[in-house]
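Examination of the molecular architecture
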Amino acid sequence: MNLVRSLLFNLIFYLGTLLYVLAGLAVSVIGVKPMRAVVHGWSNFHHFLTRHLIGIEERFEGELPSSPVLFTIKHQSMYEAVATLRVFSTPVVVMKRQLSDMPLFGWLTQRYGVIGVDREAGPAALRNLVKAGKAAAANGRPVVIFPEGTRVPVGEQPELKPGFAALYRATGLPVVPVAMDAGLVWPRGLVKRPGVVTWRIGETIPPGLPRSEIEARVHQAINDLERRPAS
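Residues numbered from 1 in each chain as written. Predicted model: local features only at pLDDT ≥ 70, side-chain atom pairs only at ≥ 80, totals over all residues. Heavy atoms only, no water.

1. Quick look at unusual backbone geometry
Rule in force here: Secondary structure counts use DSSP, requiring at least four H or I residues in a row for a helix and at least two E residues in a row for a strand, with both numbered from the N terminus.
One non-glycine residue, T90, lies in the positive phi region at around 45°. The residue T90 is located in the loop between α3 (78–87) and β3 (92–96) in this model.

Right, here's the structure in full:
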């Protein structure tokens, strides 16, 4: 049954995504607000399908801040990458450059406002990340980064990528660590499972800390949050 539901989800979601992308590009000539409304509608569409087709529910532990912050998220699956657009207030998301350069989908993400990072570009990638991060903070938008750099299997704790510390310094924003357990219901591969995804929102970490300290605190926070038992 999970396989059938997953196949049906993929069929509906990716066909729907194409329609949302085309609609978003079309209304982007009118203005930024209509285009962003379409993108948020796409995230809501994703949530509707995961809730009613796969059977995934959500719960939240902790308070989401109302002011712009730098969200550092433990990344287990594609689920949270899409859900951030619905849960946070018009965030700027750091993503792989390959995604932001894709025809159609990538063009829409660029118009919405993302930070595409080429992991092979070295110092040039960090310079672009810093520049884009400063612009996002200046516009009053929260910034989302997956500081471990890629999807991580449940329970693993890789070191943070250097881009996080550079973005932290550039934006001057406080940090809010976040962990989710979406990997339990949305592992790598085709099959998704019903269950509850818990968003665990950590305590805010102030700006201006030394690199070694902010990296250590964020690394510990996102992994402690991941291990925290459901309350």
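Still more to cover.
2. So, the packing of aromatic side chains
As a reminder of what qualifies: Here a pair means two rings of Phe, Tyr or Trp (six-membered ring of Trp) with centres within 6.5 Å. Their orientation is stacked below 30 degrees between planes, edge-to-face above 60, and tilted elsewhere. Burial classes follow relative accessibility: with a 1.4 Å probe on protein chains only, a residue under 20% of its type's maximum area counts as buried, one over 50% as exposed, and anything between as partly exposed.
Tallied over the entire structure, the rule returns 12 aromatic pairs. Summarising the aromatic geometry, the rings of F9 and F13 are spaced 5.3 Å apart at their centres and angled 10° between planes, so their arrangement reads as stacked. Remark: F13 and F9 occur in helix α1 (residues 2–27); sequence separation between them is 4 residues, near one turn of the helix. Assessed through its relative accessible area of 1%, F9 is described here as buried.

3. Digging into the packing of α1 against helix α5 (residues 105–112)
Using the following cut-off: Each axis is a line fitted through C-alpha atoms, and for a helix only the stretch in contact is used; angles between axes span 0 to 180 degrees, taken between their N-to-C directions. With respect to orientation, any angle under 35 degrees is reported as roughly parallel, any angle over 145 as roughly antiparallel, any angle of 65 to 115 as roughly perpendicular, and every other angle as oblique. Handedness of a crossing is defined here by the sense of rotation of the near helix relative to the far one, left-handed for an anticlockwise turn of less than a right angle and right-handed for a clockwise turn. For this analysis, residues touch if any pair of their heavy atoms sits within 4.5 Å. In this classification, the charged set is Asp, Glu, Lys and Arg, the nonpolar set is Ala, Val, Leu, Ile, Met, Phe, Trp, Tyr, Cys and Pro, and all remaining amino acids, among them Gly, are polar.
Interhelical geometry of α1 versus α5 gives an angle of 50° and a closest axis separation of 9 Å. Considered as vectors, α1 and α5 are oriented oblique to each other. Both α1 and α5 take part in a crossing whose hand is left-handed. Contacts from Y20, V21, G24 and L25 in α1 reach F105, W107, L108 and R111 in α5. Taken together, the residues that form the contact of α1 with α5 break down as 6 nonpolar, 1 polar and 1 charged.

4. Overview of the sheet that holds strand β4 (residues 114–117)
Selection criterion: Being paired, for any two strands, means DSSP has found at least two bridges between them.
The 7 strands lie next to each other as β1-β7-β6-β2-β5-β3-β4, forming an open sheet whose pairing is mixed. In this open sheet, the two edge strands, each paired with only one partner strand, are β1 (56–61) and β4. Between one strand and the next, the sheet's axes are offset by a mean angle of 25°, whatever the strand orientation. Bridge analysis of β3 against β4 gives 4 bridges, and the strand direction is parallel. Pairing of K96 across the sheet is with V117, part of β4. Docked against the sheet, helix α6 (residues 123–138) engages β3, β4 and β5 (143–145), running at close to 175° with respect to β4.

5. Some thoughts on the packing of α1 against helix α2 (residues 32–54)
Close contact between α1 and α2 brings their axes to 9 Å; oriented N to C, the two are set at 170°. Between α1 and α2, the angle is such that the two are roughly antiparallel. Across the interface between the two elements, R5, S6, L8, F9, I12, F13, G16, T17, Y20, A23, G24 and V27 of α1 pack against P34, M35, V38, G41, W42, F45, H46, L49, T50, L53 and I54 of α2. Considering only residue class, the contact of α1 with α2 consists of 15 nonpolar, 7 polar and 1 charged.

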